[in-house]
Amino acid sequence: MNNYNFSRYAPKSSIDIGVFLCRCGGNISDTVDIEKLASSIDAKVVKDFENLCSMKCQKNIRDIILEEELDRVVIAACSPITHEKTFRNHIAPLNPYLLEIANIREHCSWVHSDKNKATEKAISLTNAAVERVQYARPLDAIVRKTKKSAAVIGGGISGITAALSLAKQGVKVHIIEDKPTVGGNMIKIGKVFSPEKLAEECSLCLFNPLINEAVQHSNIEIMTNSEIKSSERKAGNFNLLIERKPGHVNEDKCTACGNCADICPVEVPNEWNENLMTRKAIYKPFPQSVPDIYTIDDNNCIKCGKCEKVCKMNAIDIKAKGEIIPLNVGSVIIATGHKGFDLKKRPEYGYGRYDDVISQMELARIMGVNGPTDGKLLRPSNGKIPRRVVMVQCAGSRDEKPEGKRYCSKVCCMVSLKHASFIKHYYPDTEIVICYTDMRTPGMYENYFRHVQSKGIKLIRGRPGDITKKGENIVVRLEDTLLREPLEIETDMVVLSEAMEPSEGTLKVAETLNVGLTEDMFVKEKHSKIKPVATDIEGIYVCGTAQGPKDITESVSQANAAASKVSEMINGGLEVEPTIAVVDGRQCEMCGECVTACKYKAIYIHNERISVDPVACNGCGMCISKCENNAIDIMGQTDAQIFAMIEGMLKDRKEGERRILAFVDYIGYVAADNIGINRISYPESVRIIRVPSINRLMPKHILFAFENGADGIFLGEYPDEILYSSIQDKVDEFKAALMKNSIDTDRLMYYKVYAPYFRGLANKLTEFDKQVGKALDKLEAVLYKASYKDL
């Protein structure tokens, strides 16, 4: 902390406060009686100005602070979201956090037309700020440098791209891949569609140079057969434990001659080729695997030792054990990819019952030159070239049935067009029919769509309801929804365009790192528009299909964006607001409840003390609720400040006047500002108080408000996935406290706030005001009845 020329932690009575009122060019003064407001405020200095945010006023405020030797400042003007930083700069040489803003524009003059009522509310808002600022303490913004290293979880196109980008910027990168080889889904698909060239290109040829570059880069370490087992956040860095499973083959000795696989007696389905062929228990997933070594599948190896004996390089050790590797990195990028929808969940399509009903990925492997048929299009049932292939779109996607995926998987239409084009090129006599719900080929892909369509493929709008067998052929039954007539198509092969869904690795990693998931179980971005690669946890980023369905181009773009954000943190440092949790070691008994409760992994135990990572902490207050010894507080949101704010909001409440306190989080506050900006009115009874989260509040705050005259408490918060369940629990806790104190629970309401739906918030505040009115009428009737009985 810096030292300033003002009294710190001084008794309340000795603090000199200056209050500066803004007329805002009539935006405030046309509705609020500024003279009455000024005369109603108890402070050493009260001054009003036409435009407080102007440079001229900045000098005036500073001069007054110095002349009057003020300790604290209150600005009664517009929203703190608009000008809080501006006014913090205005009050130098005072510490910027010794400032409080009363929002008498968006929350008062712009939402209330009655001048008397607006003025009374402005007095109330300003009084609350004066009360609160007396408990403000000087704080310094927190600046942190993060370690120049990162863990990239997943070695597909997204992970490799992100790793290369960081490595080229001098960052040490560890790629953690749970499979024996890197490459992911892109290596398996064989061909990629190229809309600008109107062609299909070899995915291996495109991706292999990048993989080789990653292998050879001195800043990149590739860890295959490895999984992240635990994660701990400390001082802005992550302590990870990585479990490396034994591959039983020494990478430095193995020459990939294949003698071990030739002699291995075990054959199991080859998952890399979608189980369309077999492999040995000691194997290499595909000829171009990286690293270029064999590996033993522990689940199927019978430990006969034949491979050990035949290996002339002595590279095999069947008894080799796995290892746990600790990693300390500054950032983490999740690039765990996706998996295909389990088509057996749609039995009407016959997948798993009929050999010639396959998925698009299986078709990709069949047509892959390193696949089970060496690239020849052959029916799995009889090995003949199909005369007709029917493709069925949206198999599991845009599906409202149980276990279906309601979302669009985005790439399936292009995948089917790619395969149709490829088949038409090499097998022009094979007829292709695509049954679609809607063909979705955005942007440049529309050209590719037209190009493939010109090759003579047939398109039928309709989703098949049934696929059955007729002799050696398959019969697809559907309704052509354009012609409105039922169809039966006999075909040799059916290809289902399966939905994308989160990989098992994505779910495991999300649980280990404690990052939030979407409703569809993909990793949730912090904000889809302005923070599309950030997760709920500072320093952890996501890219590729771990975040949701997308194509290769979008995955690569997102990977570069994630690498850019990591680099930004490393090179530029990170400045965060000091409104974070602090632990009083004298009262802490090290129970660890706060560590468990923290969803952001910001609290940890270090050297037998509870510590807080200032970068990860967002001051939500979840930890406070779990601390039975009151050893934790939130800087800038202390209990004293919250009590003072409540007291100030309810000060000078008149007989018969209704006052409702609305505690809202940042998104709720933005929505409330938008109500003002759009001049939508709501009852004057409502006073809005900004808090980091509803979790910061405790029953004592709610009860204190009611004891001091609040008629109702409104709680508004964006239903963030990571905190939502705890908020629900908190609201239940508040209602239980009200019931225990014989307070009608109708006087408390929780509302999920979304910034764009500010009209909904205004309506809900109005509705709650009426609800509180009815509850108070009911209470009055009960009291009257009790009083009558006494008489």
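Residues numbered from 1 in each chain as written. Predicted model: local features only at pLDDT ≥ 70, side-chain atom pairs only at ≥ 80, totals over all residues. Heavy atoms only, no water.

Trainee: Please provide a residue-by-residue account of the overall build of the chain, values included.
Mentor: Tallying secondary structure elements over the chain gives 22 helices and 38 strands in all. In the chain, which comprises 791 residues, the proportion classed as buried is 56%. Long-range pairs, those at least 24 residues apart, make up 72% of the contacts in the chain between residues at least 6 apart in sequence. Of the accessible surface of the chain, which amounts to about 35100 Å², a share of 48% is contributed by carbon and sulfur atoms. Of the charged side chains in the chain, 105 are positive and 106 negative, and the gap between their average positions amounts to 2 Å. (Helix = DSSP H or I, 4+ residues; strand = E, 2+ residues; numbered from the N terminus. Buried < 20%, exposed > 50% of the residue type's maximum accessible area, 1.4 Å probe, protein only. Contact = heavy atoms within 4.5 Å. Areas by Shrake-Rupley, 256 points an atom, 1.4 Å probe, with all protein chains shown as cover. Lys, Arg positive; Asp, Glu negative; His and termini not counted. Charge placed at Lys NZ, Arg CZ, Asp CG, Glu CD.)

Trainee: Let's hear about helix H12 (residues 412–426): which residues, and what values?
Mentor: Across its 15 residues, H12 extends 21 Å between first and last C-alpha, which sits within 8% of the 21 Å expected from 1.5 Å per residue. With 13 of 15 residues buried, H12 lies mostly within the body of the structure. (Expected span 1.5 Å × (residues − 1).)

Trainee: Lay out the sheet that holds strand S24 (residues 466–470) with the relevant residues and their values.
Mentor: Spatial strand order, S24-S25-S26: 3 strands in an open sheet with antiparallel pairing. A single partner strand is all that each edge strand has here, and the edge strands are S24 and strand S26 (485–491). With direction set aside, neighbouring strand axes in the sheet form an average angle of 25°. Sheet topology note: the S24/strand S25 (residues 473–480) ladder contains 5 bridges and is antiparallel. Each bridged residue has a counterpart across the sheet, and for aspartate 466 the counterpart in S25 is arginine 477. (Pairing = 2+ DSSP bridges. Axes fitted to C-alpha atoms, helices over the stretch in contact; angles between N-to-C directions.)

Trainee: Provide a residue-level description of the packing of helix H5 (residues 115–133) against helix H18 (residues 639–650), including the pertinent values.
Mentor: One can describe the packing of H5 onto H18 by two numbers: an axis separation of 7 Å at closest approach and a directional angle of 150°. Taken together, the axes of H5 and H18 are roughly antiparallel relative to one another. Where H5 crosses over H18, the handedness of that crossing is right-handed. Here Ser124, Leu125, Asn127, Ala128, Glu131 and Arg132 of H5 lie close against H18, whose contacting residues are Gln641, Ala644, Met645, Glu647, Gly648 and Met649. Tallied by class, the residues present in the contact of H5 with H18 amount to 5 nonpolar, 4 polar and 3 charged. (Parallel < 35°, antiparallel > 145°, perpendicular 65-115°, else oblique. Left-handed = near helix turned anticlockwise from the far one by under 90°. Nonpolar A, V, L, I, M, F, W, Y, C, P; charged D, E, K, R; others polar.)

Trainee: Please provide a residue-by-residue account of the packing of aromatic side chains, values included.
Mentor: Inspection of the entire model under this criterion finds 11 aromatic pairs. On the numbers, 5.4 Å between centres and 85° between planes, the contact of phenylalanine 193 with tyrosine 445 is edge-to-face. Of this pair, phenylalanine 193 sits in strand S8 (residues 191–194) while tyrosine 445 sits in helix H13 (residues 445–453), and the two are 252 residues apart along the sequence. Both residues of the pair, phenylalanine 193 and tyrosine 445, count as buried. (Phe/Tyr/Trp six-rings, centres within 6.5 Å; stacked < 30°, edge-to-face > 60°.)

Trainee: Would you mind going over unusual backbone geometry in detail, with residue names and values included?
Mentor: Residue proline 93 is reached from alanine 92 by a cis peptide bond, and omega for that bond is 15°. By the secondary structure assignment, proline 93 is in the loop between helix H3 (80–90) and strand S4 (99–103). The omega angle of the peptide bond from valine 290 to proline 291 is 5°, so this bond is cis rather than trans. With respect to the helices and strands, the residue proline 291 is situated in the loop between strand S15 (282–283) and strand S16 (295–296). Of note, the phi angle at asparagine 275 is positive, near 60°, even though the residue is not glycine. If you check the backbone angles, arginine 484 has positive phi at about 55° while not being a glycine. Mapped onto the fold, arginine 484 is located in the loop between S25 and S26. Of the residues examined, arginine 484 reaches a relative accessible area of 71% and is grouped as exposed.

Trainee: Please set out the side chain of threonine 441 residue by residue, giving values where relevant.
Mentor: Tracing the chain through its elements places threonine 441 in the loop between strand S22 (431–436) and H13. Within the local environment of threonine 441, its side chain forms a polar contact with the side chain of glutamate 446, the two groups lying 2.5 Å apart. Once residues lying within four places of it in the same chain are set aside, the contact partners of threonine 441 are Cys413, Met414, Leu417, Glu446 and Phe449. (Polar contact = N/O pair within 3.5 Å; in protein donor to acceptor, adjacent residues only side chain to side chain.)

Trainee: Describe the sheet that holds strand S35 (residues 660–664), listing the residues and the values that go with them.
Mentor: Overall, parallel pairing links the 4 strands, which are arranged S36-S35-S37-S38 in an open sheet. Edge positions in the open sheet fall to strand S36 (686–690) and strand S38 (748–752), since each of these has one partner strand only. On average, each strand axis in the sheet is inclined to that of its neighbour by 20°, with strand direction left out of account. Two elements, S35 and strand S37 (residues 712–717), share 5 bridges in a ladder whose sense is parallel. The residue bridging isoleucine 660 from the neighbouring strand is glycine 712, located in S37.

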